[in-house]
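Analysis of the macromolecular model
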Amino acid sequence: MARLTQQNSVTSQKSAVSIPAATQTVALVAGTVVAPATKKASRRYPRWFVSVRLIAVLLTLWQLGHWLLGYWQEYAASHGWTTLVKYARMSIPDDASLAVAPQGDKYLIGYQTGDGFYLKVYKPSGELLWHRKQLVDNPVFSQDGTQIFSGAEALETATGNVIAQIPVQKDGLLITWGAQGSHAAWKSEKGIHVWERATNMIRVVSLNKRYSASRILSLSPDGKWLAAAVYSPQDWQKGNVAVWNLAKSSEPELYPVGSNAGEKFEIVFSPDSRKLLYTGKDFTYPGAPNKLVAVWTLNNRSDFRFSSEHFTQEAVWSTDGKNIALRGENMWSVHDALSGKRLWNQSHSTNRFLKGMSLTQDSKLYYYDYTQYGWAQEYWDLSSVLNKTAGN
């Protein structure tokens, strides 16, 4: 019996030794040693977890793509192709007012937040010159850059002090200033009003009752001419650009364009007040171009017209009056102001939100681009193109 017990003990010891200590599992209840655990199965993640990880990877790649795009823009800037001014990146509303001074030495932004309206003026370095908390109404620089016109006020660019104010009480008026600030105009239920800064007087200009005028007005820099798009309520295709000589109390001259008054258009006087640029739609004759650009020379009514390749959303004169710049749905272009000949063009994506275009005296075409980081100020350096043309 003792011999059998000893033999069983040896067998148990051998069994115990044959099982590695690291894999023994002791069942306390049964008091026996069980077989080693099988290899653990691979872990399976739920589908939603995999989807979340995939989205995170895609977002990371998207951010990397934007970083690479920014790096490419910086590289292009260093090689003189296009310059991205990084200090103009600001987290402000997409409906902000933005403008560059004609000399390119200052820029402004005007916007509304939850606690009010703000108007800020900066140097090209990004240094803030001044800011005001006030109602912002389409602020623009004067022709010489020394003044800023915002609503019924004229401000000194260097300090932000109010230096002139139109005596109007009613809010909501779309006030247009002349480029030198000598006159301002707006439309109300009573007609088109013109304010003269020297006398602080307001008068109403006459318009034939057969026509209605739009709220979009334009004053010549010297204050002698006023232009407005007018149309017949009975026939919207019979549109004209009406031009008043403010030195005379008479009916305006009409320049037919056949434009739909509800369409987007621009009316801009040249810096020397001798020419008028119009962009819009044209239905004046069968087969007429529906993307019209027209430039008239006042007094002698000489003009030229051409059909733009794109519907114009913004139009400006160069500071010397020799060229006009257009921004369309998918293209920028610069044209000779005497002939309409295209001197330069550059395509852009149709889904970009652009505005605030200006062609400064150093031949830079500025504009603002709304990006995921806010508004970014960019410009094309056209000096090689425009200076070569001037030389010819």
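Residues numbered from 1 in each chain as written. Predicted model: local features only at pLDDT ≥ 70, side-chain atom pairs only at ≥ 80, totals over all residues. Heavy atoms only, no water.

Description of the pairing of strand 25 (residues 323-327)
Here is the key point about a regular strand: its side chains alternate between the two faces of the sheet. Across the five residues that make up strand 25, a large majority, five, are buried. Two strands pair when backbone bridges link them, and strand 24 (residues 314-317) and strand 25 are joined in this way by four bridges, in the antiparallel orientation. Bridge pairing in strand 25 links tryptophan 317 to isoleucine 324. Hairpin geometry of strand 24 and strand 25 is characterised by an intervening segment of five residues between the two adjacent antiparallel strands and by a positive phi of about 75° at glycine 321. Bridge count for strand 25 against strand 26 (residues 331-336) is five bridges, and the pairing is antiparallel. (Buried < 20%, exposed > 50% of the residue type's maximum accessible area, 1.4 Å probe, protein only. Helix = DSSP H or I, 4+ residues; strand = E, 2+ residues; numbered from the N terminus. Pairing = 2+ DSSP bridges.)

What to know about the packing of aromatic side chains
As enumerated under the stated definition, the model contains ten aromatic pairs in all. Seen from their ring centres, tyrosine 278 and tryptophan 296 are 6.2 Å apart, and the 35° between their planes marks the pair as tilted. Separated by 18 residues along the polypeptide, tyrosine 278 in strand 21 (residues 275-280) and tryptophan 296 in strand 22 (residues 292-297) bring together distant segments of the chain. On the accessibility criterion, tyrosine 278 (1% relative accessible area) is buried. Of the aromatic side chains, those joined through ring pairs into one cluster are Trp332, Trp344, Tyr367 and Trp380. Across from the ring centre of tyrosine 118, 6.0 Å away, lies the NZ or CZ of lysine 120, which sits over that ring. (Phe/Tyr/Trp six-rings, centres within 6.5 Å; stacked < 30°, edge-to-face > 60°. Lys NZ or Arg CZ within 6 Å of the ring centre and 35° of its normal.)

What about the environment of serine 339?
Along the chain, serine 339 falls in the loop between strand 26 and strand 27 (342-347). Of the residues examined, serine 339 reaches a relative accessible area of 46% and is grouped as partly exposed. In this structure the side chain of serine 339 is engaged in a polar contact, spanning 3.2 Å, whose partner is the backbone nitrogen of lysine 341. (Polar contact = N/O pair within 3.5 Å; in protein donor to acceptor, adjacent residues only side chain to side chain.)

Examining the sheet that holds strand 13 (residues 183-188)
Spatial strand order, 12-13-14-15: four strands in an open sheet with antiparallel pairing. Each edge of the open sheet is held by one strand with a lone partner, namely strand 12 (176-177) and strand 15 (201-205).

Considering the sheet that holds strand 6 (residues 116-122)
Whenever strands of a sheet pair, they do so through backbone hydrogen bonds, lying parallel or antiparallel. Read across the sheet, four strands follow the order 4-5-6-7 without closing on themselves; strand pairing throughout is antiparallel. The sheet is open, and its two edges are formed by strand 4 (97-100) and strand 7 (128-132), each paired on a single side. On average, adjacent strands in this sheet sit at an angle of 15° to one another, irrespective of strand direction. Bridge count for strand 6 against strand 7 is four bridges, and the pairing is antiparallel. What sits directly across from leucine 119, in strand 7, is arginine 132. (Axes fitted to C-alpha atoms, helices over the stretch in contact; angles between N-to-C directions.)

Focus: the side chain of asparagine 240
You can see asparagine 240 is positioned in strand 18 (residues 235-245). Those residues within four positions of asparagine 240 in sequence are excluded, and the remaining contacts are Tyr211, Ala228, Ala229, Val230, Leu254, Tyr255, Pro256 and Val257. (Contact = heavy atoms within 4.5 Å.)

Considering the pairing of strand 9 (residues 147-150)
Burial of strand 9 is two-sided: the residues Gln147 and Phe149 facing one way and the residues Ile148 and Ser150 facing the other way are all buried. By the bridge criterion, two bridges tie strand 8 (residues 140-141) to strand 9 in an arrangement that is antiparallel. Paired with phenylalanine 141 across the two strands is isoleucine 148, which belongs to strand 9. Taken together, strand 8 and the strand that follows it, strand 9, pair antiparallel across an intervening segment of five residues, in which glycine 145 is found at a positive phi of about 80°. Linkage of strand 9 to strand 10 (residues 153-156), two consecutive antiparallel strands, is achieved through a turn of two residues, within which glycine 151 is found at a positive phi near 65°.

Re the pattern of salt bridges
For side chains bearing opposite charge, pairing can occur when the charged atoms are close. Following the criterion strictly, the structure yields five salt bridges and no others. Among the ionic pairs, aspartate 105 bridges to lysine 106, the shortest N-O distance being 3.2 Å. Judged by relative accessible area, which is 33%, aspartate 105 ranks as partly exposed. Among the ionic pairs, lysine 123 bridges to glutamate 127, the shortest N-O distance being 3.6 Å. (Salt bridge = Lys/Arg side-chain N within 4 Å of Asp/Glu carboxyl O.)

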